[in-house]
Every structure is written in C-alpha cells, then in structure tokens.
Amino acid sequence: MFWDQESETLTRPTIEQLQLKRLQNTVERVAQRVPFYRDKFTKLGIVPADIKSLADVRLLPFTTGADLRTIYPEGMLAVDRDEPVRLHTSSGTTGKPKAIFFSRKDVENAAELVARSLVMTGITRKDVLQNMMSYGLFTGGLVMHYGAEKVGCLVIPSGPGTSERQLMLMQDLRSTAVHILPSYALYFASFLEHKGIDPRKDLSVRKAFVGAEPHTEETRRRIEQIFGCDVYNSYGLTEMNGPGTAFECEHKAGMHLWEDNFILEIINPATGEPLPEGQTGELVMTTLNREAMPILRYRTRDITSVIPGPCKCGRTHRRIARFTGRSDDMLIIRGVNIFPQQIERVLMSFQQVGRNYVIIVEGLDDLTVRVELAAAGFDGQVEHVAALQKQLVEKLKAETYVRPKVDLLPAGSLPVAEGKAKRVIDKRSL
Ligand code: ADP
Ligand code: ZN
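A brief structural summary. For clarity, every value in this text was computed on a predicted model and none was experimentally measured. (Residues numbered from 1 in each chain as written. Chains lettered and ligands numbered in written order. Predicted model: local features only at pLDDT ≥ 70, side-chain atom pairs only at ≥ 80, totals over all residues. Heavy atoms only, no water.)

## Focus: the overall build of the protein
Here's step 1: Secondary structure summary: the protein contains 12 helices and 21 strands in total.
Here's step 2: Computed over its C-alpha atoms, the radius of gyration of the protein comes to 22 Å, within 12% of the 22 Å expected for a compact globule of 430 residues.
Here's step 3: C-alpha atoms of the protein, sized along the principal axes, occupy 70 × 55 × 40 Å.
Here's step 4: Contacts in the protein between residues far apart in sequence, at least 24 positions, make up 66% of those at least 6 positions apart.
Here's step 5: Accessible surface, the protein as shown: approximately 19,000 Å² in total, 52% of it carbon and sulfur.
Here's step 6: Positive and negative side-chain charges of the protein, numbering 56 and 53 respectively, have mean locations separated by a distance of 1 Å. (Helix = DSSP H or I, 4+ residues; strand = E, 2+ residues; numbered from the N terminus. Rg over C-alpha atoms; globule rule 2.2 N^0.38 Å. Contact = heavy atoms within 4.5 Å. Areas by Shrake-Rupley, 256 points an atom, 1.4 Å probe, with all protein chains shown as cover. Lys, Arg positive; Asp, Glu negative; His and termini not counted. Charge placed at Lys NZ, Arg CZ, Asp CG, Glu CD.)

And the structure:
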C-alpha cells in the first residue's frame with residue numbers, strides 16, 4: 001500500500017536528479033538569506049555555483065546542535081519573520097533549546113511524510129490512532145497527529161496522560177494503533193498486567209509506532225509479544241521535522257529515509273569523512289524541501305548504517321538500520337566504549353528481567369546496572385535471584401568487556417520518566 005506511490009518509487013537516477021536540483025536551490029537560498037551560512041561559505045571559499053553534482057554536498061559546512069543553540073531562536077530563518085506558522089523545539093537537557101520554525105508549506109510537507117510512513121505499515125482511514133506522545137513543543141504530538149489525520153484515521157490526542165486514562169480511551173474507542181515511547185510501552189505493559197488486563201484479548205491495538213528514543217530489537221519483540229501487535233521503528237528528530245524522517249515499512253527491515261526530502265550521509269564522527277555504504281557511523285542529513293529553516297549537513301550524533309540493496313516493498317528510498325546509539329550516549333568505561341543499547345539487549349533477552357532499568361557509572365569507572373525483576377513468571381526465591389544475578393553479570397561482561405555490579409529490584413521500584421526515559425546516570429561528570 002502506498003500513500004504517494006510515484007514519489008515513493010522514483011527510480012534511483014530520478015531521486016538523485018531531484019536531490020541535486022533541490023540541493024542547489026537550498027544552497028542558493030541560504031547563501032542569499034541566512035547570514036549564518038553565508039559567513040560559513042565565505043570562510044570555506046565556496047559559492048552556490050560550486051555545487052555541480054550530489055557529491056559536492058561534501059563541500060558544504062556541517063551544522064551542529066551547538067550551532068542551532070548559538071543562532072537561537074531565529075538566526076537561521078530563510079524567510080521573513082512573519083512567514084512561519086509553527087514552532088517546535090528539541091529539548092536537550094541543558095541550556096537553550098533548538099528552535100525549528102515551519103512555514104505553512106513545511107507543516108503540510110511534514111504531514112505528507114508521516115502519511116507516507118503510516119500507510120507503508122498498512123494504516124488506513126479505518127484505523128484509530130492513539131497518540132500517546134507529548135503534545136506541545138515536542139514534534140511527536142502534533143506532527144504525527146496531522147499526518148495521521150491526513151490519512152483519515154481517527155486520531156486520539158491522548159498525549160502522555162495517566163495510564164488509567166490511556167486505557168479507558170483505548171478500550172472505549174477501540175484504538176487499533178498507538179504511537180508510543182518504547183520505555184512507556186514497557187511501563188504501560190506492567191500497568192496492564194497489574195490491572196489484570198491481557199492486551200492481546202482485551203485491547204484492539206494491532207500496530208505500535210515506537211520511537212523518539214533508542215531501543216533494541218529485543219525490546220521491539222517484547223512489546224510485540226505483550227500486545228500481540230506489530231511494532232514499527234519510527235525515527236524522527238525535530239531538526240528534520242520530527243516523526244516521518246525515516247520509518248519502517250511492512251517488512252520491518254530497516255527504516256526508509258525519505259530521500260526526496262533529505263540527503264543522507266554516513267560519516268566517521270571523529271574525522272567527518274564519509275564512510276562507504278554499509279559501514280556504521282554518524283547520520284548526517286541535509287533538508288531539501290524546507291522553506292522556513294533549511295539545514296545543511298546536520299550532525300545528528302545518531303549512529304547507524306545504510307542497509308544495502310532494495311526492499312521487498314518496492315520503495316526506492318534507502319533504509320537505515322536500527323540505531324546502535326547516539327554518539328553522545330557512548331560511555332567510556334575503563335577505556336572501553338559501551339553503548340547503553342548493548343546493556344539493554346542483554347537485559348531484555350532474560351525473561352525473568354522486568355521492564356525498567358538504569359545504568360549508573362561512578363567512582364573510578366564503576367558500572368552498576370539496576371534492573372527490575374519481572375512482575376510475573378519469576379518466583380523471586382533468594383537462590384534463584386542470586387543465580388540470575390550471576391548470569392546477568394556474566395552475560396553483560398561478555399557483551400561489554402566490563403564486569404558490572406547488578407542490582408535486582410522488585411517490579412515497579414524504579415522511577416518512571418514523564419517523557420523520554422533517562423537510562424544513564426554518569427556521576428563521574430556531575
Ligand atoms: P531531543 O531528544 O534532543 O529533545 P528530539 O525530540 O528531536 O530531540 O529527538 C530526536 C532524537 O531522538 C534523535 O536524534 C535520536 O537520538 C532519538 N530518536 C528518535 N527516534 C529514534 C528511534 N526510532 N530510535 C532511536 N533513537 C531515536
Ligand atoms: Zn520497504
């Protein structure tokens with residue numbers, strides 16, 4: 001099923017021609033209208049006419065999160081101040097947010113990409129989508145909402161409300177699909193279990209769109225098993241519109257990144273050099289269809305690779321692999337590089353392990369993993385807990401090359417975040 005079959009199945013040469021034309025156009029506009037980029041071009045000694053082929057994208061400067069904070073709030077607008085109709089921000093944890101402005105055309109276009117994304121998983125106007133992501137400055141609410149409305153779904157803007165309320169709406173309106181944070185999906189599952197509700201029998205949810213924070217294939221499988229639904233990985237970042245940047249199709253084999261809207265590069269984060277197709281590195285994106293606030297070569301800090309070869313669905317936009325982490329999430333413990341996802345993968349492969357965990361690094365690089373036990377299916381006998389703890393330490397050691405301390409806690413004892421889960425507490429940097 002396609003939302004916009006023509007755009008989604010453009011031949012490779014056509015995509016590339018379109019990308020070049022749109023890139024040239026974007027570079028021309030920012031050179032004229034955005035002093036931030038004009039100055040960078042002057043420093044690099046480049047002019048828009050230097051962009052003669054797609055490979056010339058490499059001549060352009062990178063844009064970083066720090067740049068967006070420097071020009072906050074509106075130093076990168078390529079239109080007059082009264083042109084934008086919407087603002088979203090990317091939270092970040094410290095300092096000023098990154099503000100992204102949308103013109104009417106940008107809002108429309110963002111909804112279009114979400115519509116393509118939803119339809120490629122089989123969503124139709126018959127679906128009832130409960131959007132459990134936060135509405136407001138975060139894109140997960142409104143951008144997903146308007147895309148799903150465009151498809152014709154009934155959209156329930158439930159936001160991150162209480163679990164009681166989510167459940168009531170889900171049952172009364174027979175929600176068939178949810179848009180949800182993976183950490184919240186696991187938490188919500190415990191809530192349902194506690195209420196004696198079997199999501200497979202008592203709910204109508206058949207699809208879940210899960211994203212906005214890193215999660216592993218093991219977590220996807222867990223959510224699928226608990227809810228008896230298909231879980232699709234959804235990648236979005238505010239700087240690139242939010243949801244609908246890249247999304248899995250029905251085959252769930254990597255996320256199609258909409259290349260008629262974004263140029264995708266994978267670089268070595270240390271050197272900034274492009275990597276050959278298939279290698280893992282930092283995703284860098286350039287907007288090709290942005291009116292209010294075009295962004296060149298944005299350093300996402302997200303680590304992935306391009307999946308080579310065509311997808312069975314017939315879409316020609318290349319796919320990116322599940323993220324192995326965010327380069328700024330990487331922990332260096334006793335000289336070893338560790339991504340929190342490696343730890344999650346191990347934890348979630350144990351049935352006796354529950355749904356919430358936190359990783360603590362402190363002192364002289366001491367790694368502690370605090371994890372809840374499963375509420376059901378584990379007897380909690382002292383010797384069984386001790387055996388599980390030992391197994392976890394060994395498995396984690398094999399995966400990360402660092403021997404952690406493992407604290408097993410009763411289900412429900414770790415705090416649950418309002419928005420995205422905070423999985424790592426690095427006390428060394430405090
Ligand atoms: P922030 O988290 O900085 O407030 P955003 O709300 O714009 O900013 O979130 C974008 C970030 O969320 C991405 O850069 C990425 O790190 C993470 N993210 C979004 N979707 C996914 C996904 N499906 N898998 C892993 N990480 C994701
Ligand atoms: Zn596909």
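The rest of the description comes next.
## What to know about the coordination of the zinc ion (ligand 2)
Here's step 1: All of the protein donors around the zinc ion (ligand 2) are Cys249 (SG), His256 (NE2), Cys311 (SG) and Cys313 (SG); their distances to the metal are 2.1 to 2.3 Å.
Here's step 2: Taken together, the 4 donor atoms surrounding the zinc ion (ligand 2) define angles of 101 to 117° at the centre, an arrangement classified as tetrahedral.
Here's step 3: The sequence pattern describing where the donors of the zinc ion (ligand 2) fall on their chain is C-x6-H-x54-C-x1-C. Of the two residues, cysteine 249 sits in the loop between β8 (242-248) and β9 (255-257) while cysteine 311 sits in the loop between β13 (306-307) and β14 (319-320), which places them 62 residues apart along the sequence. (Donors = N, O, S within 2.8 Å, 3.2 Å for Na, K, Ca; no water. Tetrahedral: all angles 85-135°; square planar, octahedral: opposite > 155°, others 65-115°.)

## Focus: unusual backbone geometry
Here's step 1: Between tyrosine 72 and proline 73 the backbone carries a cis peptide bond, its omega angle lying at -5°.
Here's step 2: You can see proline 73 is positioned in the loop between α4 (65-70) and β1 (86-90).
Here's step 3: The backbone of arginine 297 sits at a positive phi, close to 45°, despite the residue not being glycine.
Here's step 4: For arginine 297, a relative accessible area of 3% translates into the label buried.
Here's step 5: In the Ramachandran plot, aspartate 365 falls in the positive-phi region, its phi being about 60° despite a non-glycine side chain.
Here's step 6: Tracing the backbone through its elements, the reader meets aspartate 365 in the loop between β18 (353-362) and β19 (366-373). (Buried < 20%, exposed > 50% of the residue type's maximum accessible area, 1.4 Å probe, protein only.)

## So, the pattern of salt bridges
Here's step 1: A full pass over the atoms with the stated rule returns 30 salt bridges.
Here's step 2: Note that aspartate 426 and arginine 428 form a salt bridge whose closest N and O atoms lie 2.9 Å from each other.
Here's step 3: Taking the relative accessible area as the measure of exposure, arginine 428 reaches 30% and is therefore partly exposed.
Here's step 4: Each of the salt bridges in this network shares a partner with another, and the network as a whole consists of Arg12, Glu16, Glu259, Glu277 and Arg318. (Salt bridge = Lys/Arg side-chain N within 4 Å of Asp/Glu carboxyl O.)

## Regarding the packing of aromatic side chains
Here's step 1: One pass over the full model with this rule turns up 9 aromatic pairs.
Here's step 2: Relative to phenylalanine 227, the ring of phenylalanine 188 has its centre 6.5 Å away and its plane inclined at 5°; by these criteria the two rings are stacked. Here the residue phenylalanine 188 occupies a position in helix α8 (residues 182-195), and phenylalanine 227 occupies one in helix α10 (residues 217-227), the gap between them amounting to 39 residues. A single burial state applies to phenylalanine 188 and to phenylalanine 227, both of which are buried.
Here's step 3: Chaining the aromatic ring pairs together yields one cluster made of Tyr184, Tyr187, Phe188, Phe191 and Phe227. (Phe/Tyr/Trp six-rings, centres within 6.5 Å; stacked < 30°, edge-to-face > 60°.)

## Some remarks on the environment of phenylalanine 262
Here's step 1: Following the sequence through the fold, phenylalanine 262 ends up in strand β10 (residues 262-267).
Here's step 2: By relative accessible area, phenylalanine 262 is classed as buried at 2%.
Here's step 3: Phenylalanine 262 sits 22 residues away from methionine 240 along the chain, and the two C-alpha atoms are 8.3 Å apart.
Here's step 4: Setting aside chain neighbours within four positions, we find phenylalanine 262 in contact with Gln19, Leu113, Met240, Asn241, Thr245, Leu257, Met285, Thr286, Thr287 and Leu288.

## Brief notes about helix α11 (residues 340-348)
Here's step 1: With 8 of 9 residues buried, α11 lies mostly within the body of the structure.
Here's step 2: Buried within α11 we find Pro340, Gln341, Gln342, Ile343, Glu344, Val346, Leu347 and Met348.

## Considering the site of ligand 1
Here's step 1: In the region of ligand 1, 19 residues are neighbours, and Ser91, Asn233, Ser234, Thr238 and Asp302 sit closest.
Here's step 2: Contact distances for ligand 1 include 2.7 Å between a nitrogen atom and a backbone N or O atom of serine 234.
Here's step 3: A distance of 2.6 Å separates an oxygen atom of ligand 1 from a polar side-chain atom of aspartate 302.
Here's step 4: Compared with its free state, where it exposes 570 Å², ligand 1 has 94% of that area covered by protein.
Here's step 5: Ranked by residue count, the leading element in the shell around ligand 1 is strand β7 (residues 230-237), at 5 residues.
Here's step 6: Within the shell around ligand 1, the residues separate by chemical class into 6 nonpolar, 9 polar and 4 charged. (Near = heavy atom within 4 Å. Polar contact = N/O pair within 3.5 Å; in protein donor to acceptor, adjacent residues only side chain to side chain. Nonpolar A, V, L, I, M, F, W, Y, C, P; charged D, E, K, R; others polar.)

## As for the sheet that holds β9
Here's step 1: Ordered in space as β4-β3-β5-β6-β7-β8-β9-β14-β13, the 9 strands form an open sheet in which the pairing is mixed. The two strands at the open ends of the sheet, each matched to only one other strand, are β4 (154-156) and β13.
Here's step 2: Pairing of strand β5 (residues 177-180) with strand β6 (residues 207-211), which is carried by 4 bridges, proceeds in the parallel orientation. Its bridge partner being in β6, alanine 177 is matched across the sheet by lysine 207. (Pairing = 2+ DSSP bridges.)

## Here's the deal with the environment of arginine 221
Here's step 1: Residue placement: arginine 221 occurs in helix α10.
Here's step 2: With 207 residues separating them along the chain, arginine 221 and threonine 14 place their C-alpha atoms 37 Å apart.

## With respect to the packing of helix α7 (residues 163-172) against α8
Here's step 1: Their axes nearest at 11 Å, the elements α7 and α8 cross at an angle of 80°. With respect to α8, the element α7 is oriented roughly perpendicular. Residue-level inspection shows Ser163, Glu164, Gln166, Leu167 and Met170 of α7 in contact with α8, the latter providing Tyr184, Tyr187, Phe188, Phe191, Leu192 and Lys195.
Here's step 2: Residue composition of the contact of α7 with α8, by class: 7 nonpolar, 2 polar and 2 charged. (Axes fitted to C-alpha atoms, helices over the stretch in contact; angles between N-to-C directions. Parallel < 35°, antiparallel > 145°, perpendicular 65-115°, else oblique.)

Purely geometric stuff here, so don't read any function into it on its own.
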